[in-house]
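Read off the chains here:
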Amino acid sequence: MTIRQATLNDLEPLSQLLDGYRQFYRQAPDLEGARQFLQARLERGDSYILVDTGSQGELQGFVQLYPLLSTVRLAPLWLLNDLFVAPEARRSGVGRALMQAARELARAHGVGHLKLATEIDNRTAQALYESLGWQRDTTFYHYGLLFDTQADQG
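Cut-offs used in this document
Residues numbered from 1 in each chain as written. Predicted model: local features only at pLDDT ≥ 70, side-chain atom pairs only at ≥ 80, totals over all residues. Heavy atoms only, no water. Helix = DSSP H or I, 4+ residues; strand = E, 2+ residues; numbered from the N terminus. Rg over C-alpha atoms; globule rule 2.2 N^0.38 Å. Buried < 20%, exposed > 50% of the residue type's maximum accessible area, 1.4 Å probe, protein only. Contact = heavy atoms within 4.5 Å. Areas by Shrake-Rupley, 256 points an atom, 1.4 Å probe, with all protein chains shown as cover. Expected span 1.5 Å × (residues − 1). Pairing = 2+ DSSP bridges. Axes fitted to C-alpha atoms, helices over the stretch in contact; angles between N-to-C directions. Parallel < 35°, antiparallel > 145°, perpendicular 65-115°, else oblique. Left-handed = near helix turned anticlockwise from the far one by under 90°. Nonpolar A, V, L, I, M, F, W, Y, C, P; charged D, E, K, R; others polar. Core = buried A, V, L, I, M, F, W, Y, C linked by side-chain atoms within 4.5 Å. Phe/Tyr/Trp six-rings, centres within 6.5 Å; stacked < 30°, edge-to-face > 60°. Lys NZ or Arg CZ within 6 Å of the ring centre and 35° of its normal.

The name an unreviewed UniProt entry gives the protein is GNAT family N-acetyltransferase, with Billgrantia desiderata as the organism.

Given below as structure tokens:
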């Protein structure tokens, strides 16, 4: 098991993983959309994507982090937005290794706070996070606002 930062050379297999991740969250398959999204992230460098490679060099999973700032803490924080392990690699320690690598990368960049969100019924992920010392937020409610960015502006 090897964890490393993703490159454009990983685009095709990483796109397949991202498409699987999106389908896990009940999104329609869109391999081309996943590829375009990842290509933009990798070219712009606006996120950190770590991948786990198996013994044959195949991508087994990924974690993606987005840099943010905390006004309250007056410090950087990162949003651990995505964690996905290919179904055939689950229960082999890949998710745990990716989470630990994300923590180490954040520390190496002087980031003292990681945050994430997961579905309320995703108990498998919650158990992993809690086993790694993550604490459920009981202080703040988190809200979202969705709107159509593709609507006709005319």
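Right, picking up where we left off after that structure.
Novice: Would you explain the overall build of the protein in this entry?
Specialist: On a plain count of helices and strands, the protein comes out with four helices and five strands. Moving toward the C terminus, one meets the helices and strands of the protein in the order β-α-α-β-β-β-α-β-α. What you see for the protein is a C-alpha radius of gyration of 16 Å, in line with the 15 Å of a compact globule of 154 residues. Principal-axis analysis of the C-alpha atoms places the extent of the protein at approximately 50 × 45 × 30 Å. Each of the 154 residues in the protein was classed as buried or not, and the buried ones make up 38%. Expressed as a percentage of contacts within the protein between residues at least 6 apart in sequence, the contacts between residues at least 24 apart total 54%. When the accessible surface of the protein is totalled, it reaches about 10,400 Å², and 51% of it is carbon and sulfur.

Novice: Would you take a moment to explain helix H3 (residues 94-108) for this structure?
Specialist: An α-helical turn contains 3.6 residues, so any two residues separated by three or four positions project in the same direction. A rise of 1.5 Å per residue sets the reference length of H3, with its 15 residues, at 21 Å; its end C-alpha atoms lie 21 Å apart and thus fit the reference within 8%. For H3, the complete set of buried residues consists of Val94, Gly95, Ala97, Leu98, Met99, Ala101, Ala102, Leu105 and Ala106. Along its buried surface, H3 packs onto strand E1 (2-5), strand E2 (48-53), strand E3 (59-70), strand E4 (75-85), strand E5 (114-115) and helix H4 (123-131).

Novice: Help me understand the sheet that holds E3, please; the structure alone is not making it clear to me.
Specialist: Strands pair in a sheet through their backbones, by hydrogen bonds, and they do so in one of two ways: parallel or antiparallel. With respect to topology, five strands assemble into an open sheet ordered E1-E2-E3-E4-E5, the strand pairing being mixed. Among the strands making up the open sheet, the edge pair consists of E1 and E5. Contacts from helix H2 (residues 31-44) reach E2 and E3, with the element oriented near 55° to E3.

Novice: What's the story with unusual backbone geometry in this structure? I'm lost.
Specialist: Excluding glycine, a negative phi dihedral is what most residues carry, and trans is how most peptide bonds are arranged. Despite not being glycine, Arg26 has its phi angle at roughly 65°, a positive value. Mapped onto the secondary structure, Arg26 falls in the loop between helix H1 (11-24) and H2. When its relative accessible area of 62% is taken as the criterion, Arg26 is described as exposed.

Novice: Hey, could you run me through the packing of H3 against H4 in this one?
Specialist: Relative placement of two packed helices is described by the angle separating their axes and the distance separating the axes. In contact at an axis separation of 11 Å, H3 and H4 are set at 50° when each is read in the N-to-C sense. Put simply, H3 runs oblique to H4. Here the hand of the crossing between H3 and H4 comes out right-handed. Across the interface between the two elements, Gly95, Arg96 and Met99 from H3 touch Leu128, Tyr129 and Ser131 from H4. For the contact of H3 with H4, the residue count by class is three nonpolar, two polar and one charged.

Novice: Would you mind going over the nonpolar core with me for this structure?
Specialist: Looking at soluble globular proteins, one finds that nonpolar side chains tend to be buried together. Core analysis: the biggest nonpolar cluster contains 23 residues, and Leu65, Trp78, Leu80, Leu83 and Met99 have the highest contact counts within it. Looking at this core element by element, the count peaks at seven residues for H3. Dropping the residues within four chain positions of it, Trp78 is found in contact with Tyr48, Leu65, Tyr66, Pro67, Leu68, Leu105, Ala106, His109, Val111, His113, Leu114 and Lys115. Residues Leu11, Leu18, Ala34 and Leu38 belong to the second largest nonpolar core, which totals 14 residues.

Novice: Is there a simple way to explain the packing of aromatic side chains in this structure?
Specialist: Two aromatic rings are characterised by how far apart their centres lie and by the angle between their planes. Tallying each qualifying case throughout the model produces seven aromatic pairs. Connected via pairs of aromatic rings, a cluster forms that spans Tyr21, Phe24, Tyr25, Phe62 and Phe84. Above the plane of the ring of Phe37 lies Arg41, whose end atom (NZ or CZ) is 4.6 Å from the centre.

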